[in-house]
Amino acid sequence: MVKINDNYEKLPGSYLFSDIAKKVSAYQEANPDQKIIRLGIGDVTQPLTDSVISALHSAVDEMGQAKTFHGYAPDLGYEFLRTAIAKHDYEERGCDIAADEIFVSDGAKSDSANIQEIFSLDNVIAVCDPVYPVYVDSNVMAGRAGDYDEERGLFDRIVYMPCDAEHGFAPQLPEQEADLIYLCFPNNPTGAVINKEELQKWVDYANEHSSIIIYDAAYEAYIRTDGIPHSIYECKGARTCAIELHSFSKNAGFTGVRLGYTVVPKDLVRDGVALHKLWARRHSTKYNGAPYIIQRAGEAVYSEAGQREVKQLVDYYMKNAAYILKGLKEAGFTVSGGVDAPYIWLKTPNQMTSWEFFDELLEKVGVVGTPGSGFGPHGEGYFRLTAFGSYENTVEAVDRMTKHFQK
Ligand code: PLP
């Protein structure tokens, strides 16, 4: 008889964003005339850029000719894309990462979930609290998280690293022993970043403790402040302790197209085994999950025009972030993030819980955001707004919030 993986049963309820979608559609059904503004889910809204569209068209034409047709993609991804990544994202930043240490994939979500497969179930994982839920969920499904404590909202084998206002929403080095440490900067949901000196402390810690850092750099393109690292490989010694995840979703708008990559340096060895070799055998994204057509689109992102267009896209969203930040500050909210990240982290007013604030914002203001508690227990009492809407909708949302909460 087939037995299911009952670790799945340990996942609390449904995925945060499906709960939000259900509430929003119930409200919209009951109030069909209300214009709802969505500043909740971290999806982008602006179309793919000209360079990307033109690369997609040419690649589609190539697939229709026997001479230029492409079947299964090479295991690590096409060299044209890996070379462009190595040059632009690493060499130009002074990082020592070679093209054959880059594994192209269908996005950072699958890689951030699947990377744990190459590690034993004995490992203890450490996560920021709050953080992007996929790191915890994938370890729960694998059986590495222990049991869920409903009351505290925590798994008993996970080390949670609280990120609170006192430390600028940055985690402190864990006091308990941790083998796999997930870090995400700029952070989803808080929008927090850390400088190179602080990141260096994590790298030193990981090398001293023989831990591994899984560094999620999905929002790196949003960094504006000098001295904030775009990659963990800007730190000394990171080649022997860090894996880095990247996405084309947030910089180039590939959320519906799917493309990302993961860096596993060849110097990363544990138990005498090079992790690079193990990740090369991953089954979850064999043939790397990203079709030829999409990898050509990714290559176009690194062209001169492509880089200009990415900058325009990021500037567009960051104008929204600046508007939200300024508007809500003036309205008396306590807000952070939004400077080097497309997320604004807002303290709920009047000690409301995250979900109470969600309901009031949806029902009285017609604006959708994301309750902070969905990202971990330390997110309770906070709320995430994204800069990924259109400028017009962002302005309207902030104006509506200001009017409602200043009453
Ligand atoms: N990593 C973080 C921190 C994210 O917030 C997201 C998406 O919201 C992802 C990864 C997923 O990226 P992708 O679209 O490449 O799967």
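Residues numbered from 1 in each chain as written. Predicted model: local features only at pLDDT ≥ 70, side-chain atom pairs only at ≥ 80, totals over all residues. Heavy atoms only, no water.

**Quick notes on the pairing of strand S9 (residues 242-247)**
The buried fraction of S9 amounts to six of the six residues, a majority that puts the element mostly inside the structure. Because side chains alternate across S9, one face comprises the buried residues Ala-242, Glu-244 and His-246, and the other comprises Ile-243, Leu-245 and Ser-247, equally buried. Of the strand pairs in this sheet, strand S8 (residues 212-216) and S9 are connected by four bridges, and their pairing is parallel. Across the sheet, the residue bridging to Ile-214 is Ile-243, located in S9. Pairing geometry for S9 and strand S10 (residues 260-263), over four bridges, is antiparallel. Within the sheet, the bridge partner assigned to Ser-247 lies in S10 and is Gly-260. (Buried < 20%, exposed > 50% of the residue type's maximum accessible area, 1.4 Å probe, protein only. Helix = DSSP H or I, 4+ residues; strand = E, 2+ residues; numbered from the N terminus. Pairing = 2+ DSSP bridges.)

**Describing the site of the ligand**
Taken together, 14 residues lie around the ligand, and Asp-216, Tyr-219, Ser-247, Ser-249 and Arg-258 are the ones closest in. A distance of 2.7 Å separates a nitrogen atom of the ligand from a polar side-chain atom of Asp-216. In this structure, Tyr-219 approaches the ligand through a side-chain N or O atom, which is 2.6 Å from an oxygen atom. Out of a free accessible area of 400 Å², the ligand has 91% covered by protein chains. For the shell around the ligand, the elements supplying multiple residues, two or more each, are helix H4 (108-114) and helix H7 (249-252). (Near = heavy atom within 4 Å. Polar contact = N/O pair within 3.5 Å; in protein donor to acceptor, adjacent residues only side chain to side chain. Areas by Shrake-Rupley, 256 points an atom, 1.4 Å probe, with all protein chains shown as cover.)

**Considering the sheet that holds strand S2 (residues 102-105)**
Taken together, the seven strands give an open sheet; going across it, the order is S2-S10-S9-S8-S7-S3-S6, and neighbouring strands pair in mixed fashion. Whereas interior strands pair on both sides, the edge strands pair on one side only; in this sheet they are S2 and strand S6 (159-162). With strand direction ignored, the average angle separating the axes of adjacent strands in the sheet is 20°. Pairing analysis gives four bridges linking strand S3 (residues 125-129) to S6, with the strands arranged parallel. Its bridge partner lying in S6, Val-127 is registered against Tyr-160. Helix-sheet contacts for helix H3 (residues 79-90) involve S2, S9 and S10, and the interaxial angle to S2 is about 115°. (Axes fitted to C-alpha atoms, helices over the stretch in contact; angles between N-to-C directions. Contact = heavy atoms within 4.5 Å.)

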